[in-house]
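# Structure assessment
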Amino acid sequence: MATCEDATALRDELVRLRRSLHTDPEVGLNLPRTQEKVLGALDGLPLEISTGSRLSSVTAVLRGGRPGPAVLLRADMDALPVTERTGLEFSSATPGVMHACGHDLHTTMLIGAAHVLAARRRDLTGDVVLMFQPGEEGCDGAGAMLAEGILEAAGPRPVAAYALHVFTTDFPTGIFMARSGATMAATNDVDVTVIGAGGHASAPHRAKDPVPAACEMVTALQTMVSRTCDPFDPVVLTIGSFHAGTRRNVIPEAVRLEGTVRTFSTRAQNRMQDAVVTLVRQIAAAHGLRAEVEFTKRYPVTVNDERETAFVRSTVTETFGEHRFRPLAHPLTGAEDFSRILGEVPGSLVMLGAAPSGADPSTVANNHSPYAEFDEGVLCDGAALYADLATRRLSAQPAGGLASTLAC
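On a predicted model such as this, the values are computed, not experimentally measured, just so you know.

We now examine the overall build of the chain. Helix and strand content of the chain: eleven helices and 16 strands. Computed over its C-alpha atoms, the radius of gyration of the chain comes to 24 Å, within 12% of the 22 Å expected for a compact globule of 408 residues. Across its three principal directions, the C-alpha atoms of the chain cover 80 × 45 × 45 Å. Looking at the 408 residues of the chain, the share that counts as buried comes to 54%. Intrachain contacts of the chain at a sequence separation of at least 6 include 81% that bridge at least 24 residues. Carbon together with sulfur atoms contributes 49% to the accessible area of the chain, which is approximately 17200 Å² in total. Charge centroids of the chain, computed over 36 positive and 47 negative side chains, lie 4 Å from each other.

Set out below in structure tokens:
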């Protein structure tokens, strides 16, 4: 409970920092103002700090008082291209940009953990790598930080990696949830251009209209998923963008479709790549048209390590009590570039319910909504858990490894 007390003592500072980040959000890999705020919040701590060259990341290494392995803790920092409509007094001051996914909370939690751990560094048997990452929202910031050597920041590679993610919906406020195995989906981009021949709306027989074919593709793709994919190896396909034409009486030359395909296995991912490309091209050909199709693999499946997830559960129980942890029954169909880190280092992505106090998590605005609000009461809990995961994981290593901790 000592880490909880230390984190709670930082509450006012953490709330101020979170609101400062929330008011001034940035999108993508280049977050100069956010980086400056993070560096300022870490100033004075005994950290070895480096910043990225291709992106405005911050890597901070805390050296423990005794030699040992390293543990990595990650927080994402970027916002979304969303216009905030919450009406909060600390709403985004940047038009069209909002911290609608809670990354401002993640960053604040990890900074809180840095302060808690720095005060205890003499007792740490090993090092802690603090990974402040831009570009989680579709820009693969984790991949960029891997390329710049995040896993070698402390010397030897970390023995474990952990990240927290807050959610407003479906997760009771203050409850930590995790599962071993597939936890979040792989995401793949589908980009289709259907090319025909434009003409006048009064004479479609003199043109090659791509609009009906594109409409057929959207319907056929959905039908293909429901009719050909194993329900126990799920696939989620969504066409989110459909652009065609300029005027009501003009048949356009081309239609542009954009969508995502989410899968939970390499087998399903590869099968969908072949199936989507084939189906779209064949529908185009049936209409006497041509289709250009790109199927781009983005983030892989987020796979939580079984032992590390069991360790997360034991740490939550030890720190907060058994009532604060619930197993995550099913994977989430969202995607995460922390999957890149978990592909290299065993670890776990942990969910934390953060709906506004007193609100019903089943009805509040969800992550990515312009109305999304988060309970700042979870800031101290997140900071404490980050700190305890690092402290307990490092202390478990010399005493016969992780198994002794899981037996507690």
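Let us now look at the side chain of Thr59. Tracing the chain through its elements places Thr59 in strand 2 (residues 58-63). Assessed through its relative accessible area of 8%, Thr59 is described here as buried. The contact partners of Thr59, leaving out residues within four places of it in the chain, are Glu48, Ile49, Ser50, Val129, Leu130, Met145, Ile150 and Ala153.

The feature "domain: Peptidase M20 dimerisation" (unreviewed entry), as annotated in UniProt, sits at residues 190-284 in this numbering. For residues 190-284, the end-to-end C-alpha separation is 16 Å, with 40% helix and 32% strand making up the annotated structure.

Below, the discussion takes up the nonpolar core. Core analysis: the largest hydrophobic core is formed by 65 residues, its most contacted members being Leu42, Leu73, Met109, Val128, Leu130, Phe132 and Phe176. When near neighbours in sequence (up to four residues on either side) are disregarded, Leu130 contacts Leu47, Val58, Thr59, Ala60, Leu73, Leu110 and Ala114.

Now for the pairing of strand 4 (residues 125-133). Within strand 4, nine of the nine residues are buried, which leaves it mostly tucked inside the rest of the structure. Note: strand 2 against strand 4, six bridges, orientation antiparallel. Counterpart to Val61 in the pairing with strand 4 is Val129. Each parallel crossover has a hand, and for strand 3 (residues 66-76) linked through helix 4 (residues 103-118) to strand 4 it is right-handed.

What follows concerns the environment of Val61. Mapped onto the elements, Val61 comes out in strand 2. In this structure the C-alpha to C-alpha distance between Val61 and Val129, which are 68 residues apart in sequence, comes to 4.6 Å.

The full count for this structure, using the stated rule, is 23 salt bridges. Between Arg63 and Glu48 there is a salt bridge, and its shortest N-O distance comes to 3.0 Å. Of the two residues, Arg63 is situated in strand 2 and Glu48 in strand 1 (residues 47-51); the sequence distance between them amounts to 15 residues. Taking the relative accessible area as the measure of exposure, Arg63 reaches 27% and is therefore partly exposed. When its relative accessible area of 39% is taken as the criterion, Glu48 is described as partly exposed. The partner of Arg324 in a salt bridge is Asp381, and the shortest N-O contact between them spans 2.6 Å. Residue Arg324 is located in the loop between helix 8 (306-320) and strand 15 (325-327), and its partner Asp381 is located in helix 10 (residues 378-396); the two are separated by 57 residues in the primary sequence. The exposure class assigned to Asp381 is buried, which follows from its relative accessible area of 18%. Each of the salt bridges in this network shares a partner with another, and the network as a whole consists of Arg18, Arg19, Glu89, Asp104 and Glu376.

Definitions and cut-offs
Residues numbered from 1 in each chain as written. Predicted model: local features only at pLDDT ≥ 70, side-chain atom pairs only at ≥ 80, totals over all residues. Heavy atoms only, no water. Helix = DSSP H or I, 4+ residues; strand = E, 2+ residues; numbered from the N terminus. Rg over C-alpha atoms; globule rule 2.2 N^0.38 Å. Buried < 20%, exposed > 50% of the residue type's maximum accessible area, 1.4 Å probe, protein only. Contact = heavy atoms within 4.5 Å. Areas by Shrake-Rupley, 256 points an atom, 1.4 Å probe, with all protein chains shown as cover. Lys, Arg positive; Asp, Glu negative; His and termini not counted. Charge placed at Lys NZ, Arg CZ, Asp CG, Glu CD. UniProt positions renumbered as here; feature names shortened; annotations may be inferred. Core = buried A, V, L, I, M, F, W, Y, C linked by side-chain atoms within 4.5 Å. Pairing = 2+ DSSP bridges. Right-handed = clockwise from strand over helix to strand, strands pointing away. Salt bridge = Lys/Arg side-chain N within 4 Å of Asp/Glu carboxyl O.

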